[in-house]
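Structural description and commentary
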Amino acid sequence: MDGNAFMLVPEGLDPGEAQAREHAEALAGEVTRALAQPIELGEHSIEVTASVGFATFAAHASTANEVIGQVDLALQRAKRRGRSTIQAYEPSFRQQAEG
């Protein structure tokens, strides 16, 4: 992860991958909406956008470091797609990164 990135690690996600992914995507949407609220500084208004990459632990990973790598690949894909994009990790991202 690079300098302008942060990671959220929610607890208590549903153990089923589809439900965990749904919950993670909803959380990512909440984060992007919260960050998109304009910040007023005197006469200036600042708008922040965020690209979000996420992965669930069940998404073909067995360690926390593997999940972090998956999140990073999903984040890179989200950034390439444009501002305020949410991208779930897909196993094909690893193959494309290695190929």
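Heads up: the structure comes first, above all this text.
The sections below set out a description of the structure shown in this document.

Criteria and thresholds
Residues numbered from 1 in each chain as written. Predicted model: local features only at pLDDT ≥ 70, side-chain atom pairs only at ≥ 80, totals over all residues. Heavy atoms only, no water. Phe/Tyr/Trp six-rings, centres within 6.5 Å; stacked < 30°, edge-to-face > 60°. Buried < 20%, exposed > 50% of the residue type's maximum accessible area, 1.4 Å probe, protein only. Helix = DSSP H or I, 4+ residues; strand = E, 2+ residues; numbered from the N terminus. Contact = heavy atoms within 4.5 Å. Polar contact = N/O pair within 3.5 Å; in protein donor to acceptor, adjacent residues only side chain to side chain. Core = buried A, V, L, I, M, F, W, Y, C linked by side-chain atoms within 4.5 Å. Axes fitted to C-alpha atoms, helices over the stretch in contact; angles between N-to-C directions. Parallel < 35°, antiparallel > 145°, perpendicular 65-115°, else oblique. Salt bridge = Lys/Arg side-chain N within 4 Å of Asp/Glu carboxyl O.

Examining the packing of aromatic side chains
Following the criterion strictly, the structure yields one aromatic pair and no others. Arranged with centres 5.9 Å apart and planes meeting at 90 degrees, the rings of tyrosine 89 and phenylalanine 93 form a pair that is edge-to-face. We classify tyrosine 89 as buried; its relative accessible area is 7%.

Some thoughts on the environment of serine 51
By secondary structure assignment, the location of serine 51 is in the loop between β2 (44-46) and β3 (52-54). Expressed as a C-alpha distance, the spacing of serine 51 and leucine 75, which sit 24 residues apart in the sequence, is 6.8 Å. Dropping the residues within four chain positions of it, serine 51 is found in contact with Leu75, Ala78, Lys79, Gly82, Arg83, Ser84 and Thr85. A polar contact of 3.3 Å, which involves the side chain of serine 51, links it to the backbone oxygen of glycine 82.

Some thoughts on the nonpolar core
Within the largest apolar cluster, eight residues are counted, these being Ala55, Ala61, Val67, Val71, Leu73, Ala74, Tyr89 and Phe93. Here this core takes four residues from helix α2 (residues 64-81), the largest share from any one element. Residue contacts for valine 67: discarding those within four places in its chain leaves Ala55, Phe57 and Ala61.

Remarks on the packing of α2 against helix α3 (residues 91-98)
In the contact formed by α2 and α3, the axes pass within 10 Å of each other and the chain directions differ by 80 degrees. The pairing of α2 with α3 is recorded here as roughly perpendicular in orientation. Residues Glu66, Gly69, Gln70, Leu73, Ala74 and Arg77 of α2 form the contact with α3, whose participating residues are Phe93, Arg94, Gln96 and Ala97.

Comments concerning the pattern of salt bridges
All told, the structure shown has one salt bridge when counted by the stated rule. Here glutamate 90 and arginine 21 are joined by a salt bridge, their closest N and O atoms 3.1 Å apart. Here arginine 21 lies in helix α1 (residues 17-35) and glutamate 90 lies in the loop between β4 (86-88) and α3, a separation of 69 residues in the sequence. Residue classification places glutamate 90 among the partly exposed residues on the basis of a relative accessible area of 28%. Of the residues examined, arginine 21 reaches a relative accessible area of 32% and is grouped as partly exposed.

The analysis is restricted to geometry; functional conclusions fall outside its scope.
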